[in-house]
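# Descriptive structure summary
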Amino acid sequence: MSSVPVDVDLALVGGGGAASLVLAALDRHGVRDLRIAVVDPVRRRGQDRTWAFWGHPGNDLDDLLSVSWSQVEVITPGVHRALQLAPLRYAMLRSGPIYDRAAEAERRLGVRRIAAAAEALDDDGARVLVRTGADRPVLRARWVLDSRPRPPRRAGRTNWLQHFRGWWLTADRAVFDPGRAVLMDFRTPQPARGVSFGYVLPVDSRYALVEYTEFSPNLLTGAAYDAALAGYRDLLGLDPTRLTVTEVENGVIPMTDGPFAARPSPRVVRLGTAGGATRPSTGFTFSAMHRQAEQVARAVAAGRPPVPSSAYPRRHRWMDAVALRALDRGLVDGPEFFVRLFDRNPAQRVLRFLDGQTTVAEDLAVMRSTRLRPMLTATVADGAGRLRDRLAPSQRPNWAAPPPVVGADRPAADGGREWRLPRPPVA
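Numbering of residues begins from 1 in every chain and follows the order in which that chain's sequence is written. It should be noted that, the model being predicted, local features are given only for residues of pLDDT at least 70 and side-chain atom pairs only at 80 or more, the latter also being counted only at that level, while totals for whole chains, interfaces and linings use all residues. To obtain the side-chain values, all non-hydrogen atoms of the structure were included, while hydrogens and water were left out.

## Let's talk about empty space enclosed by the protein
What counts, and what does not: In this analysis a 1.4 Å probe is tested at points of a 1 Å grid over the protein atoms alone, and where it fits but cannot get out there is a cavity; an open set with protein on both sides within 12 Å along at least five of seven lines is a pocket; lining residues have an atom within 4 Å of a point. Grid points are joined across faces, edges and corners, and a volume is the space filled by probe spheres set on the points. Put simply, DSSP marks the helices as runs of H or I at least four residues long and the strands as runs of E at least two long, and each gets a number from the N terminus on.
Per the counting criterion, the structure on display carries six cavities of 30 Å³ or more. When its volume is computed, the second largest cavity comes out at roughly 70 Å³. Lining the second largest cavity are Trp-54, Leu-183, Met-184, Thr-282, Phe-284, Phe-338, Leu-341, Phe-342, Leu-351 and Leu-354. Contributing elements (two or more residues each) for the lining of the second largest cavity: strand E13 (181–185), helix H6 (334–343) and helix H7 (347–354). Broken down by element, the lining of the second largest cavity gets its largest block of residues, three residues, from H6.

Here is the structure:
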């Protein structure tokens, strides 16, 4: 490789879901004659992750979806709630079609691919040197979009994780309802500190993703995830002797009020979780990541800097910080907290709120859905914590989300393959 760096207009560091969405959006908006490079040691292919999200039909993702639902369930031990989502829909998107579309976009855009890990980004305000070794810059870019996982700029006052394991189950007969997804099933045993739930995303009557998720500070062991999933499978009344586990998905997503540096230097822009696309109170990521890609492509097509707007309004990040504190300190019961949102608001309002798309008036309606006294307590404590951060901002140790637990202490089941998912996945 030449010691002289290659000049490009735009470098994408990291080639996963966020970068793939950007490439597809650039191609869709007719961007041409732009020198683009992707720096990533791995070329992503196939079904290595699953995203689930809600939104309006009729966008560029429609023909890539595995399935979508206009009705979902939220379940507690006493009540099955069937929620009508129209005009929204809940949708499942597997990674293979996204990677395929990005590969085709790469071809049309004439993208240069560097099969190496970026080790340093040196931004002088006019250009960014992308180094894959200590003394070897391989690219000199006008702008860099960096989608590699990064911890928050400083640890949050509350640091939780959305962590999960899912089984792709194939049944020998019709056992799933393909017309309805289970969004949250709180009948799972609840952890001492945190919230757990199961969900079911059926592709058809014999094939579905069944997953166990926790919102809590710490990961489980592989055996504990498998035991929780087996318990949820039994709770659903599924006969394990008539099921085959064909794939296993694992993931960890940060849920923190710690700030992410979306613009760490003048010409480096972060995307995905590192760019603030993950909703702190839930771990949902995909919709914001998709919006970021669209905003970047529109800006580039118009000759503007490729800088997306903030993924969520500032008031939503504050509300998330208060909610995380209330959940972490046990001021509110986790299942009740989420169920009250759906019981006291139209489902569309809750989903748009979780996507950061609601008005101030709608936000106030959502706030009125929660129990007043514990949320006031959490609000006052959050304010005190923010004041302490201003007076002594470096007192908390650094924090980063750990990698997912991939191996199990026993085989997953039926010789099924296990996939490691460093996720934003189901979101």
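Picking up after the structure, the text goes on.
## Concerning the environment of Asp-204
Quick reminder of the rule: Only protein chains enter the accessibility calculation, which uses a 1.4 Å probe. A residue is then buried if its area is under 20% of the maximum for its type, exposed if over 50%, and partly exposed in between. The criterion used for residue contact is that any of the two residues' heavy atoms lie within 4.5 Å. Definition of a polar contact: a pair of N or O atoms within 3.5 Å, with one able to donate and the other able to accept a hydrogen when the atoms are protein atoms, and with sequence-neighbouring residues admitted only if both atoms are side-chain atoms.
With respect to the helices and strands, Asp-204 occurs in strand E14 (residues 195–204). Judged by its relative accessible area of 35%, Asp-204 is partly exposed. In this structure, Asp-204 is in contact with Phe-176 and Pro-178, ignoring residues within four places of it in sequence. A distance of 2.8 Å separates a polar atom in the side chain of Asp-204 from the backbone nitrogen of Arg-206. Here the side chain of Asp-204 touches Tyr-207 through a polar contact of 2.9 Å, landing on its backbone nitrogen.

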